[in-house]
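Remarks on the overall topology
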Amino acid sequence: MNVVFNGLLWEITYTEPTTNSDSSPLNDLKETQVFHDDGLGGPFQARNPSPATSPQGGGIITSGGSMASFMGPNESRTFRFYTLAIDNDLNISLPSPVVTGVCETLAPAPPS
């Protein structure tokens, strides 16, 4: 899983699971969901879910959004992200490992 910032915009890329928690083959993946915090250690917030690429999973998902509502001028924050997988019976996976990305609205230094 990887997150990249371009200004206030973020993009996360991850791979859907292919197995259930008991290591049996997955055959009913419904969706995955991205969560992120406010860059200040606050609670995580859900983003729009991404439909599964297939019931067996394994697809590469790219999702993104904007941090404009969180950021003021001349600010730098490290945002934390994780994902969950959800099957057709609404069973929810454990969270993925957390990844971080830095968003900044810092002005450049003056020319010399």
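Data block above holds the structure.
Residues numbered from 1 in each chain as written. Predicted model: local features only at pLDDT ≥ 70, side-chain atom pairs only at ≥ 80, totals over all residues. Heavy atoms only, no water.

Take the side chain of Thr 83 next. Within the secondary structure, Thr 83 is located in strand β7 (residues 76-87). Among the residues examined, Thr 83 registers a relative accessible area of 9% and is labelled buried. Contact partners of Thr 83, with chain neighbours within four places excluded, come to Met 1, Tyr 14, Gln 33, Val 34, Leu 94, Pro 95 and Ser 96. (Helix = DSSP H or I, 4+ residues; strand = E, 2+ residues; numbered from the N terminus. Buried < 20%, exposed > 50% of the residue type's maximum accessible area, 1.4 Å probe, protein only. Contact = heavy atoms within 4.5 Å.)

A separate point is the nonpolar core. Grouped together as the largest cluster of nonpolar side chains are 14 residues, with contacts concentrated most on Val 3, Phe 5, Trp 10, Ile 12, Met 67, Phe 79 and Phe 81. Looking at this core, the elements with two or more residues in it are β1 (2-6), β2 (9-15), β7 and β8 (99-104). The element best represented in this core is β2, accounting for 3 residues. When sequence neighbours within four positions are dropped, the list of residues in contact with Phe 5 reads Trp 10, Met 67, Phe 79, Phe 81, Gly 101, Val 102 and Cys 103. (Core = buried A, V, L, I, M, F, W, Y, C linked by side-chain atoms within 4.5 Å.)

Looking now at the side chain of Asp 37. Here Asp 37 lies in the loop between β3 (29-36) and β4 (45-46). The exposure class assigned to Asp 37 is buried, which follows from its relative accessible area of 1%. Of the polar contacts made by the side chain of Asp 37, one reaches the backbone nitrogen of Gly 39; its length is 3.1 Å. A polar side-chain atom of Asp 37 sits 2.7 Å from a polar atom in the side chain of Arg 80. Once you skip the residues sitting within four places of it in the chain, Asp 37 turns out to touch Gly 42, Pro 43, Phe 44, Thr 78, Phe 79 and Arg 80. (Polar contact = N/O pair within 3.5 Å; in protein donor to acceptor, adjacent residues only side chain to side chain.)

Judged by how many residues are buried, β7 sits mostly within the fold: 9 of 12 residues are covered. Looking at chain direction, β3 and β7 are connected through 7 bridges and run antiparallel. When the bridges of β7 are listed, Phe 35 appears paired with Tyr 82. Across 6 bridges, β7 lies against β8 in antiparallel orientation. By the bridge assignment for β8, Phe 79 is matched with Gly 101. (Pairing = 2+ DSSP bridges.)

What follows deals with the packing of aromatic side chains. The tally for this structure, following the rule as stated, stands at 6 aromatic pairs. Here Phe 5 and Phe 79 contribute two aromatic rings whose centre-to-centre distance is 5.9 Å and whose plane-to-plane angle is 35°, an arrangement assigned as tilted. Taken together, the positions of Phe 5 in strand β1 and Phe 79 in strand β7 put the pair 74 residues apart, joining distant regions of the chain. Looking at Phe 5, the relative accessible area reads 17%, which means it is buried. (Phe/Tyr/Trp six-rings, centres within 6.5 Å; stacked < 30°, edge-to-face > 60°.)

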